[in-house]
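The residues making up each chain are set out below.
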Amino acid sequence: IFAKTMIDVAQRFSAVGVNVDSEPDQGGGPTYLPGPFAAYLQVLKPILNGAGIRLTADVAQWCPMTSDYALLAPTVDRMLNMEQYNANSMDGWLNGDEYGGYYVQFLSDAPVDKCAPGLGIWKASCGTNSSGAPVPCWTTLEESGAPRVERMIADNVPEMALFRLMWIDGAHQPADWWWPLLDKFASSPLA
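Residues numbered from 1 in each chain as written. Predicted model: local features only at pLDDT ≥ 70, side-chain atom pairs only at ≥ 80, totals over all residues. Heavy atoms only, no water.

**Q** What exactly am I supposed to notice about the environment of Asn 86 here?
**A** Tracing the chain through its elements places Asn 86 in the loop between strand S3 (78-81) and helix H4 (90-95). For the pair Asn 86 and Ser 22, spaced 64 residues apart in the sequence, the C-alpha separation amounts to 19 Å. When near neighbours in sequence (up to four residues on either side) are disregarded, Asn 86 contacts Tyr 99, Gly 100, Gly 101, Trp 122, Ala 124, Cys 137 and Thr 139. (Helix = DSSP H or I, 4+ residues; strand = E, 2+ residues; numbered from the N terminus. Contact = heavy atoms within 4.5 Å.)

**Q** What's the story with the packing of aromatic side chains in this structure? I'm lost.
**A** The final tally for this structure, using the stated rule, is four aromatic pairs. Ring centres 4.4 Å apart and planes at 20 degrees place the aromatic pair Trp 93 and Tyr 103 in the stacked group. Taken together, the residues Trp 93 in helix H4 and Tyr 103 in helix H5 (residues 103-109) connect sequence positions 10 residues apart. Relative accessible area serves as the criterion here: at 0%, Trp 93 is assigned to the buried category. (Phe/Tyr/Trp six-rings, centres within 6.5 Å; stacked < 30°, edge-to-face > 60°. Buried < 20%, exposed > 50% of the residue type's maximum accessible area, 1.4 Å probe, protein only.)

**Q** Just checking my understanding: could you explain the packing of helix H1 (residues 2-12) against helix H2 (residues 34-50) for this structure?
**A** For any two helices packed against each other, one specifies the crossing angle of their axes together with the interaxial distance. It is at 10 Å that the axes of H1 and H2 come closest, and there the two elements cross at 40 degrees. With respect to H2, the element H1 is oriented oblique. In this structure, the crossing between H1 and H2 has a hand that is right-handed. Facing H1, whose interface residues are Phe 2, Ala 3, Met 6 and Ile 7, H2 presents Tyr 40, Leu 44, Ile 47 and Leu 48. Residues that form the contact of H1 with H2 fall into these classes: eight nonpolar, no polar and no charged. (Axes fitted to C-alpha atoms, helices over the stretch in contact; angles between N-to-C directions. Parallel < 35°, antiparallel > 145°, perpendicular 65-115°, else oblique. Left-handed = near helix turned anticlockwise from the far one by under 90°. Nonpolar A, V, L, I, M, F, W, Y, C, P; charged D, E, K, R; others polar.)

The following block contains the structure:
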């Protein structure tokens, strides 16, 4: 029923794909394991693909149900990784820190053609200064954009997952510095 509904909705709006964003492990509830989720996606993917619709799923290391990238990779057309939204340095983005990252692990756990690292466009904070004011995460600063995009190009990452490119009611439009980086990524041929 879900697949048929998603096909109908996708076709009505001329969408090229459907994204499954399920994050059950927030808020202290029960832990859901990745096996049943992978089985669900494995049934869903050929139905959607048969209708010419691709299937993506949001994944993240912090969510046990979506953290087994090797298991989930064959069940979707692409994994959109929420773990890379925030980090407080390039090293944190590559190897992980208390705010996120783990890009290297993501690409080592799954085929690169299944990987779409996530980039968040919002004013996330990574701690506070001595006055108690929020300090922006490195990933929200202009200096973070080029090295991440260049690394994804060098690694032949086929897609990036930009979250909230435009917020509802016009709040928090992406910084102007994102547009040339997105153009660079989109125009870079895969090796």
